[in-house]
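Per-entry structural report
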Amino acid sequence: MASKRLWCTVLGCNNEHSSHHDVPKAEPLKTQWLNFVFEGNLPPDQPKCIHVCANHFSPDCFINEGQYKAGFAKKLLLKKGSVPTIRVPAAPPGEASTSEELAMACQKKTPQLCTAGTQTLRPRYKSTGTQTTMLYPDIGVGSSKPLLSSTSIKRRSNKRSRLELEEDPFGASSSMNVEEPMESAYDPTDSVTTLTEPIDMTFESSKPAHKTATYIVYENCLLQLFERCPVCHCDTDVRRTICGTFLAVEQRCSHCDFLRKWNSQPIIHSTPAGNLQLSVAVYATGASFFKVKKLFRAMQLKMIHYTSFRIHARRYIEPAIVHSWKKAQDGMLQQLRQQQNVVLGGDMRADSPGHSAKFGSYSVMDLRTSRIIDLQLVQSKEVGGRDNIEKEGLRRSLDLLRAHGVTFDSIVTDRHPQIQKFLREANIMQYYNVWHIEKGVSKKLLRIAQSKDSEKLRKWYRSIKNHMYWTAASSSSWQERVAKWTSILNHVQDMHTHDNPVFPRCLHPQHTTRDKSKWLRAGTPAFCRLEKILRNKRILKDVEKLSPHHQTSSLEAFHSAILRFAPKNVVFSFLGMLCRLYLAALHFNENAGHPQATTAAGEPLFKVVFPKYKKGQCYAKPVKAEPTFHYVDNLLELIFEKVVVDPTPYIDDILKISIPEDLTSQFEKPDKLEVIDSYVSRFNQGHV
């Protein structure tokens, strides 16, 4: 736009305006514009440049009329093919008729400004301006008390503020909406710097609150938009109201009584959308509220209060999590009901190591698809101690599967004695995870290999470990598993034929070894100790039940994923722990079986790792593709579109959960003041 102002050349119009529009180059439109300007009497010599002001166009001809009136655009933009249709009354006789005379006459008086005047996007700050201070950073949702509170500081000392804060900005009696027609879209043509990507603002403004892009805006940059009145360009009074991450700005001009109210976030049922979205994001991703609070504090970002976070969790987030898990679980159980040869895997995870665990969660997985199909959270008080948690969790899971008509062939677990007895009495085929048995055998081998007369066992340590996995994977019956397992005692003596008819000889090809010192001899201390370990009665019984194909390594990986959502060093309530277990299951099931990452050329991606237990040895580990978090998007959509609107049916699902009493409920709660009075320091210098 030119720096000088242009006069409208329409006959009878003497407006000096910053939004003038030149005659378009298209011939049909040019003729219509000329007919409008000269009222059909086209002069033989047309002027080279004709300017028409915005007053001669109807409102539907402009693209950004709302932004212009609100002061967020410097000039009006016409739609393609627009034609002027509005005329002003003709100039009375005796007044200036030519543009030169009109200009001379208007220089003697102040030009008239339209109500939709332009506004400079980056006004200069004066030392006297309006600021506000915040009394409380956040409020509790649903309180009957006033939700927001703030005070104002005068922007100009010679001007009295006429604004009063409303008692309840989110209540029915007050409105935080903008009174002037202000759009949330931003005109890219008014940007100081060129945008790198085109944005469809119409599409952006129609998005729901939880799907709208969010930006970090600094306070001094934001308040520049409200420094001047968009009508008279005078300094204005600005009142800020802060509620967590929510900011409401009220701008009023004392000269022309211009009033504008602006919210940084939509209000959804008396709850700022950003506050609720932040609570959902922190909870659903397994982040720590207090760590996020430290991050926000370091960046000077406004943060909700922990009380608000807990209210959001209790009213909206936890009911939505329980509903999402139950819905996903019903779909998995319906699929399993129609399948056969289902192989389950089960294991328990405690919230703390040792026998001091308060909660124990039992997880049941479909080992063919590596998806968690059930989770049972048991409190130690319910079953009389930590030792009975695993059996109770398995019993509840199997009862749930039977209630949904799911039949399964076998279950792979660890060697817990209570689980063995329970499954044996229930006539359920049980297999053992190979890793649990191999780990116990490996520890014993390392212990005896440290003796001087058993150093040869170190050369066979890795081979014996691999032999156990090969025994489990290559055998079809328990007799074959035992025969292959005990054949290792002949193999270490360089004897490859065996007396057992089930496995008469080794399957590897015959070859002559170069290192003859590695072979063991019968009767030596090293061989006797090895035979004692491998032929142990309990080991042989466990080898009979080695799982032939499916293992619980995926289940162990799920237990590692739980640490992201429920760390063992953080104390949670029963419902809080249960919801975090459901979140871990939703995350794990969504990313179960995600493919291996590839390079730009399409080759599989690996990384070389040096684990500590291998003592300098390395191996190649496949790099998995980046995980997805669609379950978080689904939770946001469910909460914003359904739970916030009517949380009653979702809260009813929470009420159906049997929540046990806390461990301290069996004790009488003493008076707090008495406990404080009885406090004595260990280093008390008083008389004993």
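Quick caveat: nothing in here was measured; it's all calculated off a predicted structure.

Digging into the sheet that holds strand E15 (residues 410-413)
Read from one edge to the other, the open sheet built from 5 strands follows the order E14-E13-E12-E15-E16, with strand pairing classed as mixed. Of all the strands in the sheet, just strand E14 (371-379) and strand E16 (429-432) have a single pairing partner and so form its edges. This sheet shows a mean twist of 25 degrees between the axes of neighbouring strands, independent of strand direction. Summarising the sheet, strand E12 (residues 343-350) and strand E13 (residues 359-366) pair through 7 bridges and their orientation is antiparallel. Looking across to E13, one finds that glycine 345 is bridged to methionine 365. Seen against the sheet, helix H19 (residues 574-590) touches E12, E13 and E14 and runs at an angle of roughly 165 degrees to E14.

Quick word on the nonpolar core
The biggest cluster of nonpolar side chains holds 84 residues, and the ones touching the most others in it are Ile372, Leu401 and Phe558. For this core, the element with the highest residue contribution is H19, accounting for 12 residues. The contact partners of leucine 401, leaving out residues within four places of it in the chain, are Leu333, Leu344, Val364, Ile373, Val406 and Phe408. By size, the runner-up hydrophobic cluster in this structure holds 26 residues, among which are Tyr432, Ile437, Ile488 and Ile539.

Notes on the pattern of salt bridges
Enumeration over the complete set of coordinates arrives at 17 salt bridges. A salt bridge links lysine 261 to glutamate 250, with the shortest nitrogen-to-oxygen separation between them at 3.9 Å. In this pair, lysine 261 sits in strand E9 (residues 259-263) while glutamate 250 sits in strand E8 (residues 246-252), placing the two residues 11 residues apart along the sequence. In this pair, the class of lysine 261 matches that of glutamate 250, namely buried.

Brief notes about the confidence of the model for the protein
The share of residues in the protein with pLDDT of 70 or more is 75%, and the mean pLDDT across the chain is 78. Here residues 90-204 is a poorly scored stretch, pLDDT under 50, and it has 206 contacts once near neighbours within four places are set aside; other chains count.

Some thoughts on the packing of aromatic side chains
For the structure on display, the rule yields 14 aromatic pairs. One aromatic cluster is present, built from ring pairs that chain together Tyr283, Phe289, Phe290, Tyr306 and Phe309. Directly above the ring of tryptophan 470 sits lysine 484, whose terminal nitrogen or CZ lies 4.8 Å from the centroid. Just above the ring of tyrosine 283 sits the side chain of arginine 580; from NZ or CZ to the centre is 4.4 Å.

Concerning the sheet that holds E9
One open sheet accounts for 3 strands, arranged E7-E8-E9; its pairing is antiparallel. Edge positions in the sheet fall to strand E7 (237-243) and E9, since each of these pairs with one other strand and no more. Across the sheet, the axes of successive neighbouring strands diverge by a mean angle of 10 degrees, strand direction being ignored. Both E8 and E9 contribute to a ladder of 5 bridges, which runs antiparallel.

Here we look at helix H7 (residues 289-298)
If you check which residues of H7 are buried, you get Phe289, Val292 and Phe296. Projected down its long axis, H7 shows its buried positions confined to an angular sector of 65 degrees, all on one face. Those residues of H7 that are exposed and aimed more than 90 degrees away from the buried face are Lys291, Lys294, Arg297 and Ala298. Contacts made by the buried residues of H7 are with helix H6 (273-284) and helix H8 (306-337).

Thoughts on the layout of surface pockets
Roughly 920 Å³ of volume is contained in the second largest pocket. Together, 20 residues line the second largest pocket, and Tyr461, Lys465, Tyr613, Lys614 and Gln617 are the ones closest to its centre. Put simply, the parts of the chain that give the lining of the second largest pocket at least two residues each are helix H12 (434-448), helix H13 (457-474) and strand E18 (619-622). In terms of residue class, the lining of the second largest pocket is built from 7 nonpolar, 4 polar and 9 charged.

Considerations on a nonpolar patch on the surface
There is a patch of nonpolar side chains on the surface, built from Ile216, Tyr218, Leu295 and Met299 and spanning about 450 Å² of accessible area. Checked against the element boundaries, isoleucine 216 lands in the loop between helix H4 (201-205) and helix H5 (219-223).

Criteria and cut-off values
Residues numbered from 1 in each chain as written. Predicted model: local features only at pLDDT ≥ 70, side-chain atom pairs only at ≥ 80, totals over all residues. Heavy atoms only, no water. Pairing = 2+ DSSP bridges. Helix = DSSP H or I, 4+ residues; strand = E, 2+ residues; numbered from the N terminus. Axes fitted to C-alpha atoms, helices over the stretch in contact; angles between N-to-C directions. Contact = heavy atoms within 4.5 Å. Core = buried A, V, L, I, M, F, W, Y, C linked by side-chain atoms within 4.5 Å. Buried < 20%, exposed > 50% of the residue type's maximum accessible area, 1.4 Å probe, protein only. Salt bridge = Lys/Arg side-chain N within 4 Å of Asp/Glu carboxyl O. pLDDT = per-residue confidence, 0-100. Phe/Tyr/Trp six-rings, centres within 6.5 Å; stacked < 30°, edge-to-face > 60°. Lys NZ or Arg CZ within 6 Å of the ring centre and 35° of its normal. Arc of directions from axis to C-beta. 1 Å grid on protein atoms, 1.4 Å probe; cavity = no way out; pocket = protein on both sides within 12 Å on 5 of 7 lines; lining within 4 Å. Points joined across faces, edges and corners; volume = space filled by probe spheres on them. Nonpolar A, V, L, I, M, F, W, Y, C, P; charged D, E, K, R; others polar. Patch = residues over 30% accessible without salt bridge, like charges linked within 9 Å, V, L, I, M, F, W, Y side chains within 5 Å. Areas by Shrake-Rupley, 256 points an atom, 1.4 Å probe, with all protein chains shown as cover.

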